[in-house]
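# Observations on the three-dimensional arrangement
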Amino acid sequence: MRPAESVCRAQRNRQSSSWGGGVYKSADAGATWTFLGLKNSASISRVIAHPSDANVAYVAAVGNLWKANAERGVFKTTDGGKTWRKVLFVTDSTGAADLELQPGTPNVLFASMWHGQRKPWTIVSGAREGGIYKSTDGGETWAKLGGGLPTGLFGRSNVAISKVQPSRVYALIEAKPGGGLYRSEDGGTSWNLINGAQTLWTRPFYYTTLGVDPNNADVVWVGNEGWFKSTDAGKTFRPSPVPHGDNHDVWINPNTSDIMIQSNDGGATVSLDGGRTWSTENNQPTAELYQLYVDNQYPMRVYGAQQDNTTLIVPTGPTGAGYNDEWRTGPGCETGPIMPHPTNADTVYGSCKGQFSRKSMRSGQEWQSWVGGESLYGNGGATLIYRFQRVSPMEISPFNPKVIYYGSQYLHRSTDEGITWQKISPDLTANPPGEPQLASGTPITIDATGEEVYSVVYAIRESSIQKGLIWTGANDGPFWVTKDDGKTFPPVHLELRGTYLIGNDALTQKLAPYVFVGGGVSSFESSVKVAVSLSVGSSTR
């Protein structure tokens, strides 16, 4: 929990939106933690402690991004977290994306209320019930602010206030019409759009990073894919260098503004000179790996694709080659997958957003090919010939390492290590018409970068026992199997004992996994209960 005078805010919501289990408190500097409730709040954007009363704290809860729920909005405790009261609630699909205490007057609060929702095929950011609310009595009552703020579709927003000029309030707002940076000089009564440049609110569902210097109210920072600084109260901005892109948060020392901490997709970085230079991020184990594969070398190598970085090949023990040769970059890009040739250590297969590649590790040469040369960016499934997802599934045949399978809505196969490809299946997805096939992002900002391409093959597996027995699973439901090497794809019948198909239903938030077992139905009891029954021989979707 941060002091009210320090200025930093961001609540992350990317394509893979996880959720937490409520609020926890530590009374021993983080050594131990106690659960305090709000378990169903799912996504919490901010926790703020009252600067002078340790028993008072506020929680801003976005709520469940996948379905409507009541445990969202602004909550307040006056007994150190033993009990919580919901003090601001708009609707069961609108939560609190940001919360600020006015420096010097902690009974004055500003809350950014946001209708944010996830679906497997799109990101919903914005509605008419969104907006910025203000309380002057410690959160007991609230009023929705107007006075020049957008009145149409109101998306995600962020508020920032400097302690040296607490009546000046900045707000970075996603809106249609009228998105951009707003400023109020009278504590939120009236507002002006100071800067509507689209560069300041790029991909606002993902980041509306806003910070103001606590010692100079004219200095404003905005972060998204880039990092921008204003020295004239937001009228103009210039790009400012940081070690990495995708900028999500900033903290400015309330006593010495030259000391800053900034967070981005590469980790955390520190500035001691007001943001002119930043510390390295190469000293932090912050890699987010999409998937892992291993090979048969000694020592064994591990292969993975790093979010917002390169693919990586790392030995599990020293090879004597030195650090620079032991840690190597493989083919493909951040999405992967990347996997080694089973018998030839020099050849590694990779992928980048639906684009296949093969690399010789000795020469460093990488050969790339598209199975259908279409970019995923800006397109929905309805306009793509091949619906490749950003992290397209890839599988090497256990019987022939030159045979590679690749998944769009079809099963594709190469028999010459990716030089040529054949489509060997019908559409293996349910492919529901309408909204699921449109470009992602509604109702304000389109954000189609490949993650939400729906109705795609999500998993491929060829049996290691029976050649030509190939299973596929799609992200919109269907499982298929071919027993004749792709000649036919009849509906799935689970008569093959030892075969397991696992999935869940994120759309309806039925998160208990469905486990189908060949030869019968398993009722596994583990951390979550399996809630499905399936008669042997029935088709599955």
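Values in this document were obtained by computation on a predicted structure and should not be read as measured data.

Below, the discussion takes up the sheet that holds strand β30 (residues 366-370). With antiparallel pairing, the 4 strands of this open sheet are ordered in space as β27-β28-β29-β30. Each edge of the open sheet is held by one strand with a lone partner, namely β27 (338-340) and β30. Across the sheet, the mean angle separating the axes of adjacent strands is 20° when strand polarity is ignored. In this sheet, β30 lies alongside strand β29 (residues 355-360) in antiparallel orientation, the contact comprising 5 bridges. Among the inter-strand pairings, Ser357 is bridged to a residue of β30, identified as Gln368.

Within this structure, the stated rule accounts for 1 disulfide. Residue Cys333 pairs covalently with Cys352 via a disulfide, S to S 2.1 Å. On the S-S bond that ties Cys333 to Cys352, the torsion sits near 90°, and the link is right-handed. With Cys333 in the loop between α1 (323-326) and β27 and Cys352 in strand β28 (residues 347-352), this pair connects stretches of sequence that are 19 residues apart. By relative accessible area, Cys352 is classed as partly exposed at 21%.

A few words on the packing of aromatic side chains. Using the criterion set out here, one finds 12 aromatic pairs in the structure. Through a chain of ring-to-ring contacts, three or more aromatic side chains come together here, namely Tyr349, Phe356, Tyr386, Phe388, Tyr406, Tyr410 and Trp421. The lysine or arginine in question, Lys86, covers the ring of Phe89, its NZ or CZ lying 4.3 Å from the ring centre. Above the ring of Tyr410, the side-chain terminus of Lys423 is found at 4.3 Å from the ring centroid.

Before going further, it helps to spend a moment on the confidence of the model for the chain. On average, residues of the chain carry a pLDDT of 88, and 87% of them reach 70 or more. Note that residues 1-14 has pLDDT below 50 and, in this model, 72 contacts with residues that lie over four places away or in other chains. Counted against residues more than four places away or in other chains, residues 518-541, with its pLDDT under 50, gives 50 contacts.

What follows deals with the sheet that holds strand β10 (residues 122-125). Within the open sheet, the 3 strands sit side by side as β9-β10-β35. Their pairing is mixed. Edge positions in the sheet fall to β9 (116-119) and β35 (442-443), since each of these pairs with one other strand and no more. Alignment of β10 against β35, held across 2 bridges, turns out to be parallel. Paired with Ser125 across the bridge in β35 is Pro443.

If you trace the backbone, Thr94 turns up in the loop between β6 (85-88) and β7 (95-102). Taking the relative accessible area as the measure of exposure, Thr94 reaches 0% and is therefore buried. A polar contact of 2.9 Å, which involves the side chain of Thr94, links it to the side chain of Thr91. Here Thr94 is in contact with Arg72, Met113, Trp114, His115 and Glu129, once residues within four sequence places are set aside.

Glancing now at the nonpolar core. Ranked by size, the top nonpolar core spans 15 residues in total, and within it Val74, Leu88, Leu99, Ala111 and Trp142 carry the most contacts. Elements that contribute at least two residues to this core include exactly β4 (57-61), β6, β7 and β8 (105-114). Leave out the neighbours within four places in its chain, and Leu88 touches Arg72, Gly73, Val74, Ala111, Met113, Tyr133 and Trp142.

Quick look at the pattern of salt bridges now. Considering all chains together, one arrives at 16 salt bridges under this definition. Close ionic contact of Lys119 with Glu435 constitutes a salt bridge, the shortest N to O distance being 3.3 Å. Of this pair, Lys119 sits in strand β9 while Glu435 is found in the loop between β34 (422-423) and β35, placing the two residues 316 residues apart along the sequence. Assessed through its relative accessible area of 38%, Glu435 is described here as partly exposed. Within this structure, Arg168, Arg183, Glu185 and Asp218 form a network of salt bridges that share partners.

The subject of this paragraph is the environment of Pro490. Residue placement: Pro490 occurs in the loop between β38 (479-482) and β39 (500-505). Relative accessible area serves as the criterion here: at 36%, Pro490 is assigned to the partly exposed category. Put simply, Pro490 and Trp480 are 10 residues apart on the chain and 7.1 Å apart in space, counted from C-alpha to C-alpha. Beyond its immediate sequence surroundings of up to four residues, Pro490 is in contact with Trp480 and Val481.

Time to look at the environment of Arg46. When you line up the elements, Arg46 lands in strand β3 (residues 44-49). Taking the C-alpha atoms as reference, Arg46 lies 5.8 Å from Val59; in sequence the two are 13 residues apart.

Let us look at the environment of Arg362. Within the secondary structure layout, Arg362 lies in the loop between β29 and β30. On the basis of relative accessibility, which here comes to 70%, the residue Arg362 falls in the exposed class. Each C-alpha atom of the pair Arg362 and Ala345 lies 9.5 Å from the other, and the pair is 17 residues apart in sequence.

What counts, and at which threshold
- Residues numbered from 1 in each chain as written.
- Predicted model: local features only at pLDDT ≥ 70, side-chain atom pairs only at ≥ 80, totals over all residues.
- Heavy atoms only, no water.
- Pairing = 2+ DSSP bridges.
- Helix = DSSP H or I, 4+ residues; strand = E, 2+ residues; numbered from the N terminus.
- Axes fitted to C-alpha atoms, helices over the stretch in contact; angles between N-to-C directions.
- Disulfide = S-S within 2.5 Å.
- Buried < 20%, exposed > 50% of the residue type's maximum accessible area, 1.4 Å probe, protein only.
- Phe/Tyr/Trp six-rings, centres within 6.5 Å; stacked < 30°, edge-to-face > 60°.
- Lys NZ or Arg CZ within 6 Å of the ring centre and 35° of its normal.
- pLDDT = per-residue confidence, 0-100.
- Contact = heavy atoms within 4.5 Å.
- Polar contact = N/O pair within 3.5 Å; in protein donor to acceptor, adjacent residues only side chain to side chain.
- Core = buried A, V, L, I, M, F, W, Y, C linked by side-chain atoms within 4.5 Å.
- Salt bridge = Lys/Arg side-chain N within 4 Å of Asp/Glu carboxyl O.

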